[in-house]
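# Coordinates in review
The primary structure of each chain is shown beneath.
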Amino acid sequence: MSQDLLPPVAPSVTAELVEALSPRLRKRLDAGIAKLAARPVVRDGDTVRIAVDDDTDLELHAPEGAVTSADAIRCGCLLAPDCLHRAAAASAAPVAEDTPDSAPTAPTAEGASQPSDDETAAPAQLAAARTVYDAAAAVLEAGTDGSGAVLQAELLRAAHTARLAGLPRVAVAAVSVVNGVRAARSADPAHRLPDLVEALRTVLGMAHRLPFATGRDLAELCGGVRQPYTPDGSLRLYGLFSEPVLTTTGYAGAVTWTADAEGRLYTVSDVAPGGPGRATGAADRAVRIGDTSLTHRELSRAGLAVSGATVSPTGRLGAGAGVRAVRASGAAWGAEPLDRLWTVPVGAQVARALAGGHGLLFLDVTLAGTVREATGDRLLADCEGRTVRLAVAHDDPALPYRDNLRLLAAARGGRLRVVARLVPGPLPRALLLAAEHPTRAGERVDLGLDRLQHADLPTAPATAVPAPAPPVDEAPLHLLRRRVHQAVSGGRRVLGFPGSGAGDGGRLRRVGLATAAKLLGELGSAAAERSRDAFGRLLPADTGRFAHAWLAAAVYTGEVERALCAAAWGAEAGAGAEAGAGAGAEVVATSR
């Protein structure tokens, strides 16, 4: 059974079905999911049918594209409706996005849309934040290896509770953790441990901060379910590139990036439930804006004239009834107005990305071969005198990213203009998205959609053998980062082994990272400490202390890495990164 064939299921539905199981069936849920995954699936209109056995079918009804009630999952077995099959199917399906009608309006910065009974709403939000925090802490305690369907369902229920309490941002963050855990447990090629670490840090951090937040900080934490689109008049846009979208949540499609004459970026997207086939096929579908018949692939090289435009805060173009769009001429990357994107100093681009910008980098690079790292091969490139490590933007074999990177590695010495997405870290790293064609002047390649051939290279490519990663002189922040990541993957018990990380604290202190050493020590102590009762029996672990220690270490690591990233790219960064990040970590560790 492929997850791509199952309709998305609302978080509340999955939580309800899992909660209804008896303790005995809960213990069998993960095995039931694995067994169901081996059964054939048939889609018939809005109904998906799974053959549980030769005589029994399980049906999921999604008339609006998603399963929104427990009654929409029906099983023909003798134990239904209290059977394991319904909960297993819901747990195996993608998590549905909430619709605008299913969530309350979040408060604005001024609190104008707060519920009429503020005193009732505030305790509800605090209780919801506490529930999310506890559920996320339980996932951290178990790690991805131990976070089966039951723990996932508890976090989904907490997410639903948060949404009902007017905390859609917290709810979305909680769901992203569930999706990341599922991707890790299923060995999904799209899974990246750093992304799951960031998702868990985000949800724990938001739930932790909310009881102390007021005013604009509270409004930011609450957020909104849908980004508002505001009128932006007439726009003249020039296509930049298209990239496929393939998420661990069961959504796929394409996003096309465009720019106006001043260099502002706008996107047109087509993302819906689906798998790799939809990610590669969406590029040849017509863009959903106005009456234009341009496909995403065509728009990435052409232009668009839009009247009555509406735009979200992130630059996404709306497709309302009043929007009109017609095809217009495009521009080469080396011609105006697109050329100005590459004239912005790299340091300034990185500073913009670290400050919450779109994250795209427009670079002129000279290819310098490949290097082999623990997480895969990297394409080395010289950019303004610094060595940049370029990686694939997505590991799914259905997308041509990796094959294209291997071919580009054979064009050593070639100079190319590229578009990449910043990867924060102590070394200059980025994900390669698009590039000029190696031999055809004026043409470009969308590296996630177009496939380069050997004939596209300037010379006959030789077999590129990646060299081991050269030693680099960098602050040993990885000693703390490794523990932060290990906790997410293996849970508290991995960090609680006697002698684990012995000597790392001293090494951090010797290079001036005293706060990192302190946080590492507290993380190890929180993982290893177990109290006993009067009879010498081990008491349950203090998940709250461990979660606080981990969150403090994760916050500190992220902030220091941002400062190191800025320094590596030559961007301006605030002074005293260790002290500043340490202060933030102290607040996390000592509050609540």
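Residues numbered from 1 in each chain as written. Predicted model: local features only at pLDDT ≥ 70, side-chain atom pairs only at ≥ 80, totals over all residues. Heavy atoms only, no water.

## Description of the pairing of strand S11 (residues 376-383)
Among the 8 residues that make up S11, 6 are buried, leaving the element largely enclosed by the rest of the structure. Pairing of strand S10 (residues 360-373) with S11, which is carried by 6 bridges, proceeds in the antiparallel orientation. Paired with Arg 372 across the bridge in S11 is Asp 377. Remark: 2 residues form the turn of the hairpin made by S10 and S11, two consecutive strands paired antiparallel. (Buried < 20%, exposed > 50% of the residue type's maximum accessible area, 1.4 Å probe, protein only. Helix = DSSP H or I, 4+ residues; strand = E, 2+ residues; numbered from the N terminus. Pairing = 2+ DSSP bridges.)

## Observations concerning the pattern of salt bridges
Taken as a whole and judged by the stated rule, the model has 34 salt bridges. Glu 243 is the salt-bridge partner of Arg 421, the closest N and O atoms lying 2.8 Å from each other. With Arg 421 in strand S13 (residues 415-422) and Glu 243 in strand S5 (residues 230-246), this pair connects stretches of sequence that are 178 residues apart. By relative accessible area, which is 22% here, Arg 421 ends up partly exposed. Ionic pairing is found between Asp 377 and Arg 372, a salt bridge with its closest N-O pair at 3.5 Å. Owing to a relative accessible area of 26%, Asp 377 belongs among the partly exposed residues under this scheme. Residue Arg 372 is classed as partly exposed on the basis of its relative accessible area, which comes to 43%. A single network of salt bridges, built from pairs that share partners, joins Asp 284, Arg 297, Arg 301, Asp 446 and Asp 450. (Salt bridge = Lys/Arg side-chain N within 4 Å of Asp/Glu carboxyl O.)

## Structural notes on unusual backbone geometry
Ala 80 connects to Pro 81 through a cis peptide bond whose omega is 10°. Put simply, Glu 336 and Pro 337 share a cis peptide bond, and its omega is 5°. Examined against the element boundaries, Pro 337 turns out to sit in the loop between strand S9 (324-328) and helix H12 (339-343). Phi angles above zero are rare outside glycine, and Glu 384 is one such case at about 55°.

## A short note on the side chain of Ser 300
Along the chain, the position of Ser 300 falls in the loop between helix H11 (296-299) and strand S8 (303-311). In this structure Ser 300 comes out as buried when scored by relative accessible area, which is 1%. Looking at Ser 300, its side chain comes within polar contact range of the main-chain oxygen of Arg 297, at 2.6 Å. Side-chain polar atoms of Ser 300 contact the side chain of Arg 301, separated by 2.7 Å. (Polar contact = N/O pair within 3.5 Å; in protein donor to acceptor, adjacent residues only side chain to side chain.)

## A look at the packing of helix H1 (residues 11-19) against helix H6 (residues 149-164)
At their nearest, the axes of H1 and H6 sit 8 Å apart, and the two run at 130° to each other. With respect to H6, the axis of H1 lies oblique. Handedness of the H1/H6 crossing: left-handed. Across the interface between the two elements, Pro 11, Ser 12, Thr 14, Ala 15, Glu 16, Val 18 and Glu 19 from H1 touch Val 150, Ala 153, Leu 156, Arg 157 and His 160 from H6. Its residues placed into classes, the contact of H1 with H6 shows 6 nonpolar, 3 polar and 3 charged. (Axes fitted to C-alpha atoms, helices over the stretch in contact; angles between N-to-C directions. Parallel < 35°, antiparallel > 145°, perpendicular 65-115°, else oblique. Left-handed = near helix turned anticlockwise from the far one by under 90°. Contact = heavy atoms within 4.5 Å. Nonpolar A, V, L, I, M, F, W, Y, C, P; charged D, E, K, R; others polar.)

Any functional reading would require information beyond the geometric quantities listed.
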